[in-house]
Amino acid sequence: MQRLPVLLFLAWTCFLFFSAIGLFTSGFLLMRVELANRSSCSDPLATSLPGARGPLGSCWLPRRFPKAVLVIIDALKFEFAQYDPSRREPRPYENKLGFLHQLASLQPLHARLFRFRADPPTTTMQRIKGITTGSLPTFIDAGSNFASYAIQEDNLVWQLAQNGKRVVFMGDDTWDGLFPQAFHRSYFFPSFNVKDLHTVDDGILQHLYETVDGGEWELLIAHFLGVDHCGHKHGPDHPEMAKKLSQMNDMLRSLVDHLANDTLLLVAGDHGMTGTGDHGGDSEEEVNAALFVYSKAQLFQSHPPQEPETVPQVNLVPTLALLLGVPVPYSNIGEVMAELFSAEGGAASSLLAQLEAYSINARQVDRFLRSYSRAAQDISAEKLRRLQDLFSAAVEEHEQLSAQPGPPALPHLEHLRGRFRRYLQEARAVCAGSWARFHPARMLAGCALLTSSCVLCYVASRVASGLSFSYRRLLLYPVLWGVVGVALPGLAHLLGWAAVDLVLLSSWGAAASQCAFFWHCWTKRPWRSHSASACSPSVGTSLRQRLRASGLGLPGGILLARCGAMLSDSFVVAEAQVAPFLLASLVLLLVLHLHWEGRLEGGSPPALRLLGLLGVVLACARLSALFRQCREETPCCRSSTLLAPLSSLQDPGAKNSCYLLCLAVLACLAWGVRRWLRHYGNLNSPSAPVLFVRWGFPLLAICVGGYWAITSGAEEALVKLHAWVQLALVAFPQAIFGLVLVGLLLVLWDPVTVFVRDSREPAEAPIVSPSSQAELQHVIPQLYRRMQQSLKSRLDEAKSGGRATVAAYGLGSVYSAALLICLALLGFLFMTLHSERLSLAFLLLFLEAFALLWMHACAVALSSSSSSQADPFVVPWYALIAWALAAAQFFYATGHQPVFPAIHWNAAFVGFQQGHETNLLPALLVGANTFASHILFAGSRLPIASALAVCL
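Residues numbered from 1 in each chain as written. Predicted model: local features only at pLDDT ≥ 70, side-chain atom pairs only at ≥ 80, totals over all residues. Heavy atoms only, no water.

(A) A look at the state of the cysteines. A complete count under the given rule lists one disulfide for this structure. Across the disulfide, C41 is cross-linked to C59 (sulfur-sulfur distance 1.9 Å). On the sign convention where negative means left-handed, the S-S torsion of about -110 degrees between C41 and C59 marks this disulfide as left-handed. You can see C41 sitting in the loop between α1 (3-28) and β1 (67-73) and its partner C59 sitting in the loop between α1 and β1, a full 18 residues away along the chain. Taking the relative accessible area as the measure of exposure, C59 reaches 7% and is therefore buried. There is no disulfide at C14, and the cysteine sulfur nearest it, in C457, is 8.7 Å away. (Disulfide = S-S within 2.5 Å. Helix = DSSP H or I, 4+ residues; strand = E, 2+ residues; numbered from the N terminus. Buried < 20%, exposed > 50% of the residue type's maximum accessible area, 1.4 Å probe, protein only.)

This is the structure we're talking about:
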């Protein structure tokens, strides 16, 4: 078999899987159409009722405030801003922003606290986009949180700049990527390092007060990140959170002293946070932020309600735009906050001013919906007609009131205000529902293409060897059919007959190439020329035996049940409990199957070993539940305290005990690998990989332990030793990365750890060194020939009564030793990227993987008979399915969940405290952290076959 055709075949199968995933995601992760239209002062949207304020030469609506300060405290949850004096023992995040409560209590007509409801996804970039454009992001937009692109839609920052307003920004440098060169003056600070609690906040405080006093601005934006980073690092219920909130309280107290009487202050959180300090999803904790509004001039005509009002975040855009006297951004779907448009002169004057703002707001939203409906078909015609009817009725009543002489009656004004509010709220609901829609046809087609790709791989691995065709011919027909499958819809697209995008083209090509493959397999079936004999009992018996030998019976049913259950939302939520259950069921079925066949009778050593290994797997499955994180959909669940880093522990004794236990895990990993390699003779070779195992593994364990010692310290201790701590936080992880990379390269360069020497030769005789890939694939026969030749040459020269011998160390584990070294290296790397106490979960992972491996080997030893020895290089399906279930089990047992808040973003800064210049390296680090169990189990599937030779 030539190498190039095989590589091309693998590349083709990868193309099939990527095409299927791309087709599915194109129907699941939809993006809305972004319009390039922009609002301008010349748009005829402003109309006035008798007695209302006229335009007076301003833009749409006369500005009420010449200046505004927008303070964004990232992750300011509503509970952080709420003050309850009845709490005698407040938690670290409670009652720390007492100055806001003081202002609202002493000046109820000047200050008010709102619930600021964010739209999911609750990631920072999407929230910035929402509070500047007034529109809603779709789910896929969350991916751009770490590769921010410039906002092309009309937005508040652009409107202010275009209308001569100076915008000054300081804080999170995410705004630099979103609004390049849009600020009159800016002070950006690196924001992505979630372990850094102070750089951004301290940088803002250095410039905030002098900038406010300077007055060279109309809108000042200060985006603080310390609260959000503290939540990611420690969680909300930690003393460091109390310090950050107290710092924000002092900042607000000083800021208010510097504000002029005509300045509006808005203090807002872009999103909330979960009990673990994360965000990104749509739970109540994540979407429930805080908004505080204050001015030294009177803002409200009535006292605040007893329960704070809930305000959607998109409502801030039209409110702030009209208050500052600039046009509302074109794509805004928010509703003005009516209370801020009240006017002096009584209830009638306030209602007139509010109606004027509502009228402009409604006309702007109607204009956007009309333009959007022409550019996309996301919103159904029926819903658009209903919205148009609501808008037309409100506008008609508004015009009738405008035509009446004298000021309208209060009931009529309130009724009209209600009509406008209803229209704006329903318009926003329709947009939110339409932009969250899926494309079921593409999703089903993607699932079908993915399933057929899996079947293709099964056919290629199980059946292709008996069809008597080469990989060249196997690839010829799929490539030709794939080209035709792309050409036909592409031609239709060019001629204007059908609209086809790149995803559909690749999917058509993948489907056509699969059809060619299956047709080629069908035409080359071995029973084509022997149709009569194909129905004979012997052939039927052979087929049944082959199906039985493949091991796809009950294990295949478990696999299909799990794949089918993924379509159930409740299964996905409970998968953390289901995966260990299915794994335990599978290994129990294996043992029961052997018992029914009488393989466990007699108490043989393999049988007793198999039962002991079964107990190890069940114990690991049970203990892995100690490291599980809860989803927001399960309110009665509490996340494990073992997921928190050691720095969150307040008791020094408990922290030291946990640290020593984590060091014991490192020692077990390094000692266990070396002990296994020494037992099978793989440490006798003087090769570079063996030397690295002897000396590099202990050094890796020391570096990981040193890094944990630094990160487990309290924040105050780290600040006192700032220079040395920063050096250690970078030096230890980068040393680990370097050692792991060196170890992997050494194994790749010289993977054979077998040592061969003659009894008459000195101990430092060279080992067999394969000179080509073909020789490497046949290393055992090569070693055998070397031993045979050496023995034959020595027999003639042997002394009387003596005998020449040849010793080969590590021959039985020649295939698995290199893979075991690689997996151990990856284990050190992954433990570094996780919190310290999760090393215990990795210990369970390696222990369960070892038990599953030896269970499989013992099962094969028990199943093989004296007449027919089982092929150790044929891996049955139950072993692969068990491996896949174990990978899913430890995905959850290492503190992960398939939701945005559960992603361990802090892994991107392990060893890179100052951040990254590109997104590639942090993506690799976060990906390695997230899919650590899948990587380890996928890599450890390879030595299954070689381990059988050792057991047998």
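(B) Quick peek at the pairing of strand β6 (residues 263-268). With six of six residues buried, β6 lies mostly within the body of the structure. Going residue by residue along β6, you find T263, L265 and V267 tucked away on one face and L264, L266 and A268 tucked away on the opposite face as well. Bridging between β1 and β6 involves six bridges; their strand directions are parallel. By the bridge assignment for β6, V71 is matched with V267. (Pairing = 2+ DSSP bridges.)

(C) Highlighting the packing of helix α8 (residues 226-234) against helix α9 (residues 239-258). Direction vectors running N to C along α8 and α9 enclose 175 degrees, while the axes themselves pass 9 Å from each other. With respect to their mutual orientation, α8 and α9 come out roughly antiparallel. Along its contact with α8, which presents G226, V227, C230, G231 and H234, the element α9 presents E240, M241, K244, L245 and M248. A breakdown of the residues in the contact of α8 with α9 according to their chemical character gives five nonpolar, three polar and two charged. (Axes fitted to C-alpha atoms, helices over the stretch in contact; angles between N-to-C directions. Parallel < 35°, antiparallel > 145°, perpendicular 65-115°, else oblique. Contact = heavy atoms within 4.5 Å. Nonpolar A, V, L, I, M, F, W, Y, C, P; charged D, E, K, R; others polar.)

(D) The sheet that holds strand β8 (residues 310-312), seen in detail. Strand order in this open sheet of eight strands is β4-β3-β5-β1-β6-β7-β2-β8, and the pairing throughout is mixed. Sheet topology places β4 (185-189) and β8 at the edges, where each strand pairs with a single neighbour. With strand direction ignored, the average angle separating the axes of adjacent strands in the sheet is 20 degrees. Contacting β1, β5 (219-224), β6 and β7 (288-295), α9 crosses the sheet at an angle of about 175 degrees to β1.

These results come straight from atomic positions and should not be treated as a statement about function.
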